[in-house]
Amino acid sequence: MAYQAFDTADVLTGHAHELVAQGFKDAFVYCRDDRAPDAEIQGLLSVGMRIGAVQEQGQATGPAYFTVPQASLDVERAIQWAKETAWPVTVPIFKAIDYDAAWADIKDHWGVWHGGLKAAGWHTGAYGSWTICKSVLDAGLGMCSWLAYATGWGNQGDYRLGLRAADVVQGPGGTISVSGASFGVDLDTVRNPAVLRAA
């Protein structure tokens, strides 16, 4: 498969032209000042790339992270970043559930996080297993889904369903090299362009 999108936690400022030259059209960045400052966003947009945003603060890899107080803090951080980067309210901000979670683990946290962003005007989406993505969508607490590249999460039937139904499907991880530097990335297939910001 020829992937034309990737997600990364690394800062890409100054490398937009090289990324396009390598065939990439879309990038998902972390909605954090230390990972995706406005200069990076504007640079990627200036060369015609489309951008998606995902929030992962701290260690979102177990149920201990997904408390209601943490959700409130994450709302504040996401809104601050969205305002600083003039993130369009029509483009969702995904939240990473980066482990094999049960809906009960994150339900209360998710409700506060989604509600806070919705009240401020932004749409939300879920990144994680199809079990989580489907639970969010079924509950009306998000508009889109991003299936994690984790075939062991949930059950195989759920993963196969997600491969067909998700708005974004994450592929394998790897590295890309630009200007002699290597960046860690996961490759992605975007099925729904509404999850991306364009210039």
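Located above this text is the structure these notes cover.
Visitor: Just to check I follow, could you spell out unusual backbone geometry for this structure?
Guide: Leave glycine aside and you will find that most residues have negative phi; peptide bonds, for their part, are mostly trans. For A86, which is not a glycine, the phi torsion comes out positive at approximately 50°. Note that A86 resides in the loop between α3 (68-84) and β4 (93-96). Taking the relative accessible area as the measure of exposure, A86 reaches 52% and is therefore exposed. Look at S179: it is not a glycine, yet its phi comes out positive at around 55°. Along the chain, the position of S179 falls in the loop between β7 (168-178) and β8 (181-190). For S179, a relative accessible area of 55% gives the class exposed.

Visitor: Whenever I open this one, the side chain of T124 confuses me. Can you help?
Guide: Secondary-structure assignment places T124 in strand β5 (residues 124-128). You can call T124 buried: its relative accessible area is 1%. A distance of 3.4 Å separates a polar atom in the side chain of T124 from the backbone oxygen of L141. Excluding residues within four positions of it along the chain, T124 makes contact with P92, I93, W113, H114, L117, L141, G142, M143 and C144.

Visitor: What is the right way to look at the pairing of β5 in this model?
Guide: Two faces belong to every sheet, and in a regular strand the side chains alternate between them. For β5, a buried count of 5 out of 5 residues is recorded, marking the element as mostly surrounded by other parts of the structure. Burial along β5 is two-sided: the face carrying T124, A126 and G128 and the face carrying G125 and Y127 are both buried. Judged from the 4 bridges that link them, β4 and β5 form a sheet pairing that is parallel. Pairing of F94 across the sheet is with G125, part of β5. Viewed along the sheet, the connection from β4 through helix α4 (residues 103-120) into β5 turns out right-handed. In the sheet, β5 pairs with strand β6 (residues 144-147) via 4 bridges, with the strands oriented parallel. Residue pairing for β6: Y127 is matched across the bridge by W146. In this view, the connection linking β5 to its parallel neighbour β6 by way of helix α5 (residues 130-138) has right-handed handedness.

Cut-offs applied
- Residues numbered from 1 in each chain as written.
- Predicted model: local features only at pLDDT ≥ 70, side-chain atom pairs only at ≥ 80, totals over all residues.
- Heavy atoms only, no water.
- Helix = DSSP H or I, 4+ residues; strand = E, 2+ residues; numbered from the N terminus.
- Buried < 20%, exposed > 50% of the residue type's maximum accessible area, 1.4 Å probe, protein only.
- Polar contact = N/O pair within 3.5 Å; in protein donor to acceptor, adjacent residues only side chain to side chain.
- Contact = heavy atoms within 4.5 Å.
- Pairing = 2+ DSSP bridges.
- Right-handed = clockwise from strand over helix to strand, strands pointing away.

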